[in-house]
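# Understanding the architecture of this molecule
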Amino acid sequence: MSFSLPTGVAAAVRPSASPALLGASAAIAFSFAATPFIVPRAVSDLGVGLGAAGLLSTAQVAGFTLVNVIAGRRLTPDRAFIRWALVVLAIVNVSSIAAPDFSILVITRLLAGGAMGLLTWIAWVDSAADARRKGEIASIGPITTLVAAPVVWWLDRWAGLDGIYLGAAAVTVACLPLRRSVDPLAVRPGRRPIETPGVRPTLVALGGLTLFASSVFVFAGAFTSAAGVGGLGLTLGLMLNSALGIIPARRSRRRVHPGLPVVGMALCVVGLTAGPTDWIVVGSIALWGAMFWLVIPSVFSSLSERSTHPGDRVGDAQGVMALGRVLGPSLGGLVLTSADTTVLTMVAVVGLLAVATTLEVVEVGAPARG
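To start, this report covers the structure provided alongside it.

Pairing between side chains of opposite charge can happen when the charged atoms of each approach one another. On inspection of all chains with the given rule, the structure shows five salt bridges. Where Arg41 meets Asp45, a salt bridge forms, and the shortest distance between an N and an O atom there is 3.2 Å. Of this pair, Arg41 and Asp45 both sit in helix 3 (residues 35–46), four residues apart, roughly one helical turn. For Arg41, a relative accessible area of 22% corresponds to the partly exposed category. Between Glu136 and Arg132 there is a salt bridge, with its nearest N and O atoms 3.3 Å apart. Of the two residues, Glu136 and Arg132 both sit in helix 8 (residues 131–175), four residues apart, roughly one turn of that helix. Exposure remark for Glu136: the relative accessible area of 2% places this residue in the buried category.

This is the structure we're talking about:
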């Protein structure tokens, strides 16, 4: 960790990936890192229920999903898209501060998700054929979250929701002057990729991974509060979550059996929702990051190997993962409203074990192209 963190920061300073795409990925990571703070803050500041507050995350990721699916089929990566998506993201983040009521706030987060979806699609398509760029794009998320967690915590205490969205707007505006570029190999007309063995079950598994994981993680703030862990403890857990995710994200060229870390995520679900001590709750949040980033680069590499063009499945993969994040908070909110935390834990654990089994079956049994 003491060696890998400076290495990751140095790669972000002298990147092979487009600085604007790295900056955009950082702005997106900031927004997602804020979600565990935004949900409980919306409950206290806006007077909505916990399930309703989850709609802020649902709307944001709904826009993300829709744009990823459309972009992967219809659009060609272009530098102009980077510029305009950053402009739109900055505007809607500022608009979130000025939103007069909860329904308008939900709409602004839907638009923010669309801009983030376009930027994420371009970043991953641009890096699909280059392992170094892929590692940079993958690692910028946990690196940003490591820094963002205490910042968001302070913004939350300083000005609540307005402070958090002001921070998101500031990070986005800072990306506007950065150099924009797209790998010429990534610039090609959108088309439907050729189906190959193992692709569909892998995409279903990716959607299930984020569905069941987000159904629990989006309510991390509420679970830690119930366990007697304050905002500082939640911040520490999120910082460690990011720090432990940097190493596997940077080493994206090293393949692992993806089922094992998914099982680890299932154990983290149990620790977060039912941990008998506060350090187990915080530790579960921390280990979650390492488990997640052991899975994602490996599965993306598997999809690239099963595609005619390395970037063919980026939109599909990001889309189904985002769809899982859309449905996850709704699933979690529904279960918490109609049942209790124990039932939600059981649903998430069983779902993650099914995902682990699917990924292992594909890894062992479905050959890659060529």
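Taken together, Ile104, Ile107 and Leu111 make up a surface patch of nonpolar side chains, about 250 Å² in accessible area. One can find Ile104 in helix 7 (residues 102–127).

Moving on: the environment of Val43. Here Val43 is to be found in helix 3. Once residues within four sequence positions are removed from consideration, Val43 is found in contact with Val48, Gly49, Leu50 and Ala53.

The rules behind each value
- Residues numbered from 1 in each chain as written.
- Predicted model: local features only at pLDDT ≥ 70, side-chain atom pairs only at ≥ 80, totals over all residues.
- Heavy atoms only, no water.
- Salt bridge = Lys/Arg side-chain N within 4 Å of Asp/Glu carboxyl O.
- Helix = DSSP H or I, 4+ residues; strand = E, 2+ residues; numbered from the N terminus.
- Buried < 20%, exposed > 50% of the residue type's maximum accessible area, 1.4 Å probe, protein only.
- Patch = residues over 30% accessible without salt bridge, like charges linked within 9 Å, V, L, I, M, F, W, Y side chains within 5 Å.
- Areas by Shrake-Rupley, 256 points an atom, 1.4 Å probe, with all protein chains shown as cover.
- Contact = heavy atoms within 4.5 Å.

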